[in-house]
Amino acid sequence: MTNKIIAKGDTVYIKISPDIHEISMEQQVFFLRLTEGIFGYSEQIRNERLRILASDCNIQYLLPYLSTFIRDGIHANIAYPDLTLLIYCVRMVKSLLGNPHINLFPVLHEIIPAILSCALARKISKYYYDNHWTLRDFSVFLTATICEKYNNPVNNITNRVIGIYLKPLKNCAKYHLTSMYGAIKGLGSLGDEVIKTFLLPHLCNIGKILFLLFEQSASTITLKENNQVLLEAKHLRSVVLNVVAPVLLKTNNVNDGGLMYLQQFGYIGRFLYLEKVSEVLLDTSNILLEVLQQ
């Protein structure tokens, strides 16, 4: 079975040309019904096909073709960004992960890079104001699920994924803000120890980037570019706070007005400290409320 990528306007479609020598005619028809239903216009049919992916034991026989279909679909629709079709591809991965009758291990070499591309690619939607952040979050979640399910001392999948997430953070000036967002979200999805060991050392450099972006004069770039940069910078700052602040709250009880946070984390330290203070105040108010209600 061979796949052909066909561009129509701004959308890239995957055309499936079955090879009768590889799988049976019945399996070819099954494959086409699945993929055409998932990428069709009917949400009801799409959900039905996704449920089949998540439950049918016969999917194992089609797994090599499905993984290649997903890989090519993601790569094509990142090259010519189509957020909707990328979402359909990632939903296919979610369904496959939930199928108790199949083993994804033989096709992880195609699945993992494709999913990571959705999390780390500079651009995955046609317009900057599209909600591509949700797809990045979803892709990160699926990657963490794969690591939890299939990592072992031999394949060391988790460490290899961590290495990929670290690339945008080791050279912040070279990578786009959206890639840094995906990397931070990805490291955060792998647990507190990963955050402390691999993410905290890069917060100063991330803070420097944010400082330059928030302080940059709007007169140096066009209004559209400024809106895009500020939106991406706000999302980047938000994901840092959401990922890092809860870990610091558990491990660091220093109450010096934020001085230590500034010394250790630079520009972003101020926001981390304020986030910590707000969490402490919220916890205190909840405790007082419980006491008063007794």
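Each chain has its residues counted from 1, following the order in which its sequence is written. At least 70 in pLDDT is required for a residue's local features to be given in this predicted model, at least 80 for side-chain atom pairs to be given and counted, and no such filter applies to totals for whole chains, interfaces and linings, which use all residues. Hydrogens and waters are ignored; side-chain quantities use all the structure's heavy atoms.

Under the annotation held in an unreviewed UniProt entry, the protein chain carries the name TAF6 C-terminal HEAT repeat domain-containing protein and is attributed to Diabrotica balteata. UniProt positions are given in the numbering used here, feature names are shortened, and annotations may be inferred rather than shown by experiment. Note on the protein chain: under the UniProt heading Sequence similarities (unreviewed entry), the record states "Belongs to the TAF6 family." Heading Subcellular location (unreviewed entry) of the UniProt record for the protein chain holds this comment: "Nucleus".

Trainee: Run through the packing of helix 4 (residues 83-97) against helix 5 (residues 108-120), naming residues and quoting values.
Mentor: To get an axis, fit a line to the C-alpha atoms, keeping to the stretch in contact for a helix; angles then go from 0 to 180 degrees between the N-to-C directions. Going along the chain from the N terminus, every DSSP run of H or I of four or more residues is numbered as a helix, and every run of E of two or more is numbered as a strand. Taken N-terminus to C-terminus, the directions of helix 4 and helix 5 make an angle of 135°; their axes are 11 Å apart at the nearest point. The pairing of helix 4 with helix 5 is recorded here as oblique in orientation. With respect to the hand of their crossing, helix 4 and helix 5 are arranged in left-handed fashion. Taken together, the residues of helix 5 that come into contact with helix 4 (itself represented by Leu86, Val90 and Val93) are Ile111, Ile115 and Cys118. Put simply, Ala, Val, Leu, Ile, Met, Phe, Trp, Tyr, Cys and Pro go in the nonpolar bin, Asp, Glu, Lys and Arg in the charged bin, and everything else, Gly too, in the polar bin. The class makeup of the residues in the contact of helix 4 with helix 5 is 6 nonpolar, no polar and no charged. Comment on the angle field: the value is read as roughly parallel under 35 degrees, roughly antiparallel over 145, roughly perpendicular from 65 to 115, and oblique elsewhere. Two helices crossing with the near one rotated counterclockwise from the far one by less than a right angle form a left-handed crossing, whereas a clockwise rotation gives a right-handed crossing. Residues count as neighbours in contact if any of their non-hydrogen atoms are within 4.5 Å of one another.

Trainee: Outline the pattern of salt bridges, listing residues and values.
Mentor: For this analysis, a salt bridge means a side-chain nitrogen from Lys or Arg found within 4 Å of a carboxyl oxygen belonging to Asp or Glu. Applying the stated criterion across every chain, the model contains 6 salt bridges. With its nearest N and O atoms 2.8 Å apart, the salt bridge here joins glutamate 110 to arginine 71. On the criterion of sequence distance, the pair formed by glutamate 110 in helix 5 and arginine 71 in helix 3 (residues 59-79) is long-range, its members being 39 residues apart. Categorising residues by exposure relies on relative accessible area from a 1.4 Å probe, with only protein chains included: less than 20% of the type maximum marks a residue as buried, more than 50% marks it as exposed, and the intermediate range marks it as partly exposed. The class for glutamate 110 is buried, based on a relative accessible area of 10%. Here arginine 71 falls in the partly exposed class, since its relative accessible area comes to 27%. Among the ionic contacts, a cluster of salt bridges with common partners joins Glu43, Arg46 and Arg91.

Trainee: Talk me through the environment of alanine 233; I want residue IDs and the actual numbers.
Mentor: Within the fold, alanine 233 resides in helix 11 (residues 223-251). Between the C-alpha atoms of alanine 233 and leucine 210, which are 23 residues apart in sequence, the distance is 6.4 Å. Filtering out sequence-adjacent residues up to four positions away, alanine 233 remains in contact with Leu177, Leu210, Leu213 and Phe214.

Trainee: Help me get a handle on the nonpolar core, residues and values and all.
Mentor: We call a set of buried residues a nonpolar core when its members are Ala, Val, Leu, Ile, Met, Phe, Trp, Tyr or Cys and they connect through side-chain atoms within 4.5 Å of each other. In this structure, Leu199, Leu203, Ile206, Val244 and Leu272 are the most contacted members of the largest nonpolar core, which totals 85 residues. In contact with leucine 203, not counting residues within four places along its chain, are Val240, Val244, Phe265, Ile268 and Leu272.

Trainee: Pulling in residues and values, what's your account of the packing of aromatic side chains?
Mentor: Centres within 6.5 Å are what make two rings of Phe, Tyr or Trp a pair, Trp counting through its six-membered ring; a difference in plane orientation under 30 degrees is then read as stacked, over 60 as edge-to-face, and the rest as tilted. Taken as a whole and assessed by the stated rule, the structure comprises 7 aromatic pairs. Seen from their ring centres, tyrosine 128 and tyrosine 129 are 5.4 Å apart, and the 75° between their planes marks the pair as edge-to-face. Here a set of aromatic residues connected by ring pairs shows up, and it is made of Phe31, Phe39, Phe69 and Tyr88.

Trainee: Can you tell me about the side chain of threonine 35, naming the residues and giving the values?
Mentor: Within the secondary structure, threonine 35 is located in helix 1 (residues 25-38). Judged by relative accessible area, which is 3%, threonine 35 ranks as buried. When residues no more than four places from it in sequence are discounted, the contact partners of threonine 35 are Leu66 and Phe69.

Trainee: Explain the environment of isoleucine 111 to me, using residue names and the numbers behind them.
Mentor: Looking at where isoleucine 111 falls in the secondary structure, it is placed in helix 5. Residue classification places isoleucine 111 among the buried positions, given a relative accessible area of 2%. Between the alpha carbons of isoleucine 111 and leucine 66 there is a distance of 9.8 Å; along the sequence they are 45 residues apart. Beyond its immediate chain neighbours, meaning those up to four positions away, isoleucine 111 contacts Ser67, Ile70, Val93 and Ile146.

Trainee: For unusual backbone geometry, give the residues involved together with the corresponding values.
Mentor: The backbone of asparagine 156 shows a phi angle near 50°, a positive value even though the residue is not glycine. With respect to the helices, strands and loops of the structure, asparagine 156 is situated in the loop between helix 6 (132-150) and helix 7 (157-170).

Trainee: Report on the packing of helix 1 against helix 3, specifying residues and quantitative values.
Mentor: For the pair helix 1 and helix 3, interaxial distance at closest approach is 11 Å and the crossing angle is 50°. Taken together, the axes of helix 1 and helix 3 are oblique relative to one another. Two packed elements cross with a definite hand, and for helix 1 against helix 3 that hand is right-handed. Residue-level inspection shows Gln27, Phe30, Phe31, Leu34 and Thr35 of helix 1 in contact with helix 3, the latter providing Ile59, Tyr61, Leu62, Tyr65, Leu66 and Phe69. For the contact of helix 1 with helix 3, the class distribution of residues is 9 nonpolar, 2 polar and no charged.

Trainee: Describe the state of the cysteines, and please don't skip the residues or the numbers.
Mentor: To count as a disulfide, a pair of cysteine sulfur atoms needs to be within 2.5 Å. This model, assessed by the stated rule, comprises 0 disulfides. Between cysteine 89, a free cysteine, and cysteine 118, which holds the nearest cysteine sulfur, the sulfur-to-sulfur gap is 7.3 Å. Accessibility expressed as a relative area gives 0% for cysteine 89, which makes it buried.

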